[in-house]
There are 4 protein chains.
Amino acid sequence: YGKNTIKFLRLHKEGKKDFVKEVEVCTHLRLTSAQEYLDGNNSLVIPTDTIKNIVLVLAKKNGIPTIEQFAIDICKHFMTTFCQVVYVKTYVQEVPWQRLQENGVPHIHSFICAPEGIRFCEAEQCRNGPLVVSAGIKDLKLMKTTMSGFEGFYKNEHTTLPERHDRILCGELFCKWSYGENKDFDFDCIWNKIRECILEAFAGPPDCGEYSPSYQKTVNSIQMHVLSKVSQVQIIETMLNNTFYNVVDMKNLGLTNDKEVLVPVETPYGSCACTLARK
Amino acid sequence: YGKNTIKFLRLHKEGKKDFVKEVEVCTHLRLTSAQEYLDGNNSLVIPTDTIKNIVLVLAKKNGIPTIEQFAIDICKHFMTTFCQVVYVKTYVQEVPWQRLQENGVPHIHSFICAPEGIRFCEAEQCRNGPLVVSAGIKDLKLMKTTMSGFEGFYKNEHTTLPERHDRILCGELFCKWSYGENKDFDFDCIWNKIRECILEAFAGPPDCGEYSPSYQKTVNSIQMHVLSKVSQVQIIETMLNNTFYNVVDMKNLGLTNDKEVLVPVETPYGSCACTLARK
Amino acid sequence: YGKNTIKFLRLHKEGKKDFVKEVEVCTHLRLTSAQEYLDGNNSLVIPTDTIKNIVLVLAKKNGIPTIEQFAIDICKHFMTTFCQVVYVKTYVQEVPWQRLQENGVPHIHSFICAPEGIRFCEAEQCRNGPLVVSAGIKDLKLMKTTMSGFEGFYKNEHTTLPERHDRILCGELFCKWSYGENKDFDFDCIWNKIRECILEAFAGPPDCGEYSPSYQKTVNSIQMHVLSKVSQVQIIETMLNNTFYNVVDMKNLGLTNDKEVLVPVETPYGSCACTLARK
Amino acid sequence: YGKNTIKFLRLHKEGKKDFVKEVEVCTHLRLTSAQEYLDGNNSLVIPTDTIKNIVLVLAKKNGIPTIEQFAIDICKHFMTTFCQVVYVKTYVQEVPWQRLQENGVPHIHSFICAPEGIRFCEAEQCRNGPLVVSAGIKDLKLMKTTMSGFEGFYKNEHTTLPERHDRILCGELFCKWSYGENKDFDFDCIWNKIRECILEAFAGPPDCGEYSPSYQKTVNSIQMHVLSKVSQVQIIETMLNNTFYNVVDMKNLGLTNDKEVLVPVETPYGSCACTLARK
């Protein structure tokens with residue numbers, strides 16, 4: 001197979017206002033034949049330069065109403081234009097530019113990059129198969145300063161970790177969910193709702209939070225909450241890279257450190273992941 | 001000289017609410033003698049491990065009300081405790097954790113990392129000299145989709161760049177300003193006001209913006225605006241790394257691209273910088 | 001599932017000489033039950049801290065004769081010690097430290113990091129299944145300044161790329177091969193032989209080279225050469241990330257550039273990959 | 001001031017053999033006036049695009065015999081062509097491509113990237129001043145597995161570090177030296193000799209090494225050795241970023257770890273630096 005990646009900016013105006021999307025598009029094609037590998041026969045090969053041109057032309061003609069719609073357009077174009085393509089997958093991710101505001105007034109053409117999690121999507125199709133759409137969020141850094149522990153785990157002669165019922169939970173979340181076969185969804189609205197669900201399930205109620213007995217359980221809570229609240233989601237895959245923190249032992253320095261000063265434990269770092277599907 | 005860097009988390013409670021600062025502290029010392037270099041005599045050397053302990057102990061004892069105050073505390077500690085130290089500089093930067101909100105209600109212990117520019121500061125002192133404080137913002141990514149040009153520049157036989165009166169202005173801003181000798185400032189309030197001034201000067205009025213004839217002029221406008229609005233700032237240093245964008249030529253593809261699709265020009269990339277002081 | 005990563009140094013002496021391996025080990029476990037996700041019941045969970053201890057203890061007891069043997073040891077330990085583990089995969093990669101030489105004399109304890117490709121391996125086992133070993137090289141940056149082209153590719157209205165019969169071929173190679181079920185192999189010797197095969201197939205004979213009609217064909221030649229020369233390899237997966245270079249057009253500057261000055265084309269960049277198995 | 005960075009490839013042939021240099025050039029200019037900042041008057045501004053063209057044209061016309069010569073050519077060009085330039089500094093660094101060998105035979109056109117330290121240089125000139133040349137090496141990762149300690153340091157109530165007479169010394173070395181005013185030097189030959197001196201001073205004799213009582217002393221030994229062996233060097237600046245390693249305590253695990261298994265201490269990490277000039 002072959003993959004290629006293109007970065008560009010799509011600008012347009014609505015009334016006086018400028019709109020902007022900065023995207024990175026990665027297109028992945030599989031062809032009917034592998035003759036270019038075996039014989040060096042390039043006659044069916046679509047050069048990366050051509051793929052770049054197609055992506056830019058589609059951006060110019062259709063705009064990027066949502067990254068999901070744009071990924072769908074690209075998939076469809078390759079399937080209908082090139083009969084040598086048997087499989088296409090398009091990944092699109094968006095740089096999180098947000099309109100500047102001055103005293104609550106949105107600016108007509110100035111933007112700031114505010115990366116509280118990167119939005120991405122994928123559209124995928126095999127020849128004669130359905131066009132399947134998924135979306136996700138990544139690089140979402142979250143922390144709970146309390147209401148997290150890890151107890152009752154398996155122990156043997158190699159165990160040195162103490163049980164803890166009040167630790168820091170800190171990590172980077174990756175979530176990807178599938179909408180199944182492409183339908184006429186409001187991708188922006190659903191994505192924002194799912195992001196909200198993720199934060200709710202991670203944090204719990206604002207006034208008291210919710211206890212997390214492990215990274216694993218928090219991952220599962222996020223998945224269950226999204227599946228229960230957003231009917232369009234068929235499958236959800238979640239991964240949490242955890243950063244562990246140790247309370248610094250200050251006894252030698254004559255002080256009692258009541259979970260006030262903590263240092264990151266850089267090795268080992270871990271991650272837990274789970275995929276959950278609707279029955 | 002020697003430098004060392006420490007990352008840690010400082011947590012504390014106010015009422016039921018948790019507060020958190022994740023900081024990176026870099027301490028830079030110069031000693032009265034260089035005998036450890038010349039003779040391998042380590043008797044005046046303060047090990048990095050000791051420096052780490054001092055920083056953590058100060059964080060534990062004093063907390064981190066502002067990163068500026070914390071940098072000042074560290075400087076003072078080294079100057080008063082170690083007579084072999086002739087110069088100390090402390091750099092502190094803060095990971096931009098923000099409290100999560102649910103429907104406008106702030107969460108008691110959950111945070112999200114939202115990096116719209118990194119806040120940093122420096123405190124610096126020579127023995128028998130004043131303690132000088134500076135602060136700044138870095139990694140602030142900004143864009144203007146219009147109202148930016150570059151015309152009337154010097155031309156010779158090596159010039160191929162066309163004049164442009166409607167280009168994209170996009171870049172990463174670094175600003176560092178000095179408060180002069182340490183006084184009892186409200187560092188949080190001043191920092192937020194300066195951040196606001198920077199965005200105002202970059203963007204211009206929300207309804208119409210302000211034309212930028214060059215990256216250089218925009219840098220100067222930011223500096224002038226900050227100096228005029230914030231009397232505590234003595235000197236301001238500003239650097240703008242620019243990302244250039246080219247409008248894709250689509251003539252070969254049978255299309256007219258009216259500044260709708262642009263690709264980044266990755267080489268050359270440039271930056272312009274300027275330092276401006278109050279008279 | 002869960003993954004975790006540990007970095008450490010293993011030192012030992014042979015005679016007067018010091019030997020050193022700096023490795024990164026990533027262990028990936030799947031358990032019989034997912035109760036920790038569903039119920040927050042941690043009783044079968046092996047903490048990352050315990051996994052770290054096991055890896056360090058095995059390094060201490062067995063040393064790291066080859067990274068492959070070490071990965072095998074770790075797999076076996078988890079399978080025989082924990083009945084709740086149904087699958088284990090261990091990835092090990094080695095920092096390329098090489099002994100310093102002075103006028104051809106190897107130094108007894110000084111090393112330099114010389115990263116001409118990173119060696120890695122994987123050992124993998126399902127309960128009741130065979131232990132399968134693979135190895136590889138990654139981050140191997142290679143270039144051919146000539147004897148590379150790309151012609152006869154598919155063309156339509158979106159094609160703008162010209163045919164070229166003398167371009168630069170430059171990229172980063174990733175190769176991973178499977179030895180199949182674990183046997184008593186000389187992993188060091190085989191790995192070095194495969195590395196040599198890769199370079200031979202990439203470059204061709206030293207005096208004249210070999211023409212590459214595409215990145216794809218070069219990928220295939222590497223795979224065919226390894227499979228034909230190294231009988232222990234069962235399957236080989238190869239990926240080549242390509243960096244394209246454009247000859248700078250200097251007509252406007254009054255010069256003819258005969259493939260002398262080239263700039264990297266940063267967008268699009270692509271990669272091609274292929275997996276080939278012995279019949 | 002303004003800076004800009006360009007990356008490109010310079011190819012040429014000698015007989016049948018291809019030669020290649022991949023360089024990154026950063027040019028830094030200061031002009032007689034700052035009117036472009038103050039008034040937005042661009043009439044003296046040399047666009048980055050023009051600077052790029054000049055660098056590429058010089059590479060085409062003169063080639064890159066050494067990066068030092070190329071940096072000198074660029075400096076001279078700006079000083080003689082543009083009377084509005086009052087200061088120019090050119091930094092050039094080289095990607096370490098090395099010719100492939102098969103059984104000792106050098107390949108005519110195939111190269112491998114082998115980064116055992118990056119070579120760089122700087123040429124610098126003020127109007128009416130001399131052209132000053134410096135060169136250096138960076139990202140040189142070195143390790144001594146023994147013959148390194150740290151004892152007799154300053155102690156107080158914040159000291160927890162034990163004295164050690166047999167630790168690992170591991171770090172990344174940066175060295176930059178000045179040749180003073182530009183003369184007709186054999187830059188390749190001198191650079192290789194200095195690199196050799198650095199390794200010699202770091203490691204000591206191959207059969208027994210040399211004890212290092214601190215990072216600081218090792219930095220000084222390197223500088224003294226270079227100054228004594230290479231008469232062209234006027235000033236030498238050296239920085240060593242150190243990576244500390246801790247011997248893992250395995251008592252809880254029932255084992256004695258005799259400096260066999262070590263983990264990196266990621267916080268704090270430090271660096272020491274020194275500048276030494278010939279009297």
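The model shown is predicted, which means the values in this text are computed figures rather than measured ones. (Residues numbered from 1 in each chain as written. Chains lettered and ligands numbered in written order. Predicted model: local features only at pLDDT ≥ 70, side-chain atom pairs only at ≥ 80, totals over all residues. Heavy atoms only, no water.)

The transform that puts chain C on chain D rotates by 180 degrees and translates by 0.0 Å along the axis, for an RMSD of 0.0 Å. Put plainly, the chains are arranged around a two-fold axis. Same-surface contact between copies: 100% of interface residues of chain C are shared with the interface of chain D. (Least-squares fit on C-alpha atoms with pLDDT ≥ 70 in both. Contact = heavy atoms within 4.5 Å.)

Let us now look at the UniProt feature "binding site: 5-hydroxyisourate" (unreviewed entry) in chain A. As annotated by UniProt and renumbered to match this structure, "binding site: 5-hydroxyisourate" (unreviewed entry) occupies Thr48, Asp49, Phe150, Arg167, Gln216 and Asn242 of chain A. The named residues occupy 195 residues along the chain; their greatest pairwise C-alpha distance, 51.6 Å, places them well apart from one another. Within the fold, Asp49 of chain A resides in helix H2 (residues 48-62). Excluding residues that lie within four positions of it along the chain, Asp49 of chain A makes contacts with Thr160 and Leu161 of chain C. By the element assignment, Asn242 of chain A lies in strand S9 (residues 235-247). (UniProt positions renumbered as here; feature names shortened; annotations may be inferred. Helix = DSSP H or I, 4+ residues; strand = E, 2+ residues; numbered from the N terminus.)

What follows concerns the interface of chain C and chain D. Residue-level contacts link 63 residues of chain C with 64 residues of chain D. Each partner contributes to the roughly 5,400 Å² buried at the junction of chain C and chain D, and carbon and sulfur atoms together form 67% of this total. When the buried area of chain C at its contact with chain D is split by residue, Lys60, Met143 and Pro206 of chain C rank highest and sum to 13% of it. Where chain C meets chain D, there are two salt bridges. Between Lys60 of chain C and Glu260 of chain D there is a salt bridge, with the nearest N and O atoms lying 2.4 Å from each other. Taken together, the links from chain C to chain D amount to 26 residue pairs in polar contact (both at pLDDT 80 or more). Among the residues forming the side of chain C that touches chain D, the class breakdown is 37 nonpolar, ten polar and 16 charged. By the bridge criterion, three bridges tie strand S7 (residues 131-144) of chain C to strand S5 (residues 105-113) of chain D in an arrangement that is antiparallel. Bridge assignment links Leu142 of chain C to a residue of S5 of chain D, and that residue is Ile112 of chain D. (Buried area = accessible area lost by both parts, 1.4 Å probe. Salt bridge = Lys/Arg side-chain N within 4 Å of Asp/Glu carboxyl O. Polar contact = N/O pair within 3.5 Å; in protein donor to acceptor, adjacent residues only side chain to side chain. Nonpolar A, V, L, I, M, F, W, Y, C, P; charged D, E, K, R; others polar. Pairing = 2+ DSSP bridges.)

With that settled, the discussion passes to the packing of helix H4 (residues 187-203) of chain B against helix H5 (residues 215-229) of chain B. Residues and elements named next belong to chain B. Close contact between H4 and H5 brings their axes to 9 Å; oriented N to C, the two are set at 140 degrees. By the angle between their axes, H4 is oblique relative to H5. As H4 packs across H5, the resulting crossing turns out to be right-handed. Mapping the contact onto sequence places Lys193, Ile194, Cys197, Ile198, Glu200, Ala201 and Phe202 in H4 and Thr218, Ser221, Ile222, His225, Val226 and Lys229 in H5. (Axes fitted to C-alpha atoms, helices over the stretch in contact; angles between N-to-C directions. Parallel < 35°, antiparallel > 145°, perpendicular 65-115°, else oblique. Left-handed = near helix turned anticlockwise from the far one by under 90°.)

Residue and element names in this part refer to chain C. Relative to strand S8 (residues 169-181), S7 runs antiparallel, the two sharing ten bridges. Each bridged residue has a counterpart across the sheet, and for Ala135 the counterpart in S8 is Trp177. The pairing of S8 with strand S9 (residues 235-247) spans eight bridges and is classified as antiparallel. Paired with Lys176 across the bridge in S9 is Glu237.

Placing chain A over chain D gives an RMSD of 0.0 Å and needs a rotation angle of 180 degrees, together with 0.0 Å of translation along the axis. Comparing contact sets, 100% of the residues at the interface of chain A also lie at the interface in chain D, consistent with an isologous, same-surface contact.

Accessible area lost on assembly of the parts is the figure often given for the size of an interface. Contacts between the two partners involve six residues from chain A, matched on the other side by six residues from chain D. Carbon and sulfur atoms supply 74% of the area that chain A and chain D bury against each other, a total of about 590 Å² over both sides. The interface formed by chain A and chain D holds zero residue pairs in polar contact (both at pLDDT 80 or more) in total. For the side of chain A that touches chain D, the residue count by class is one nonpolar, three polar and two charged.

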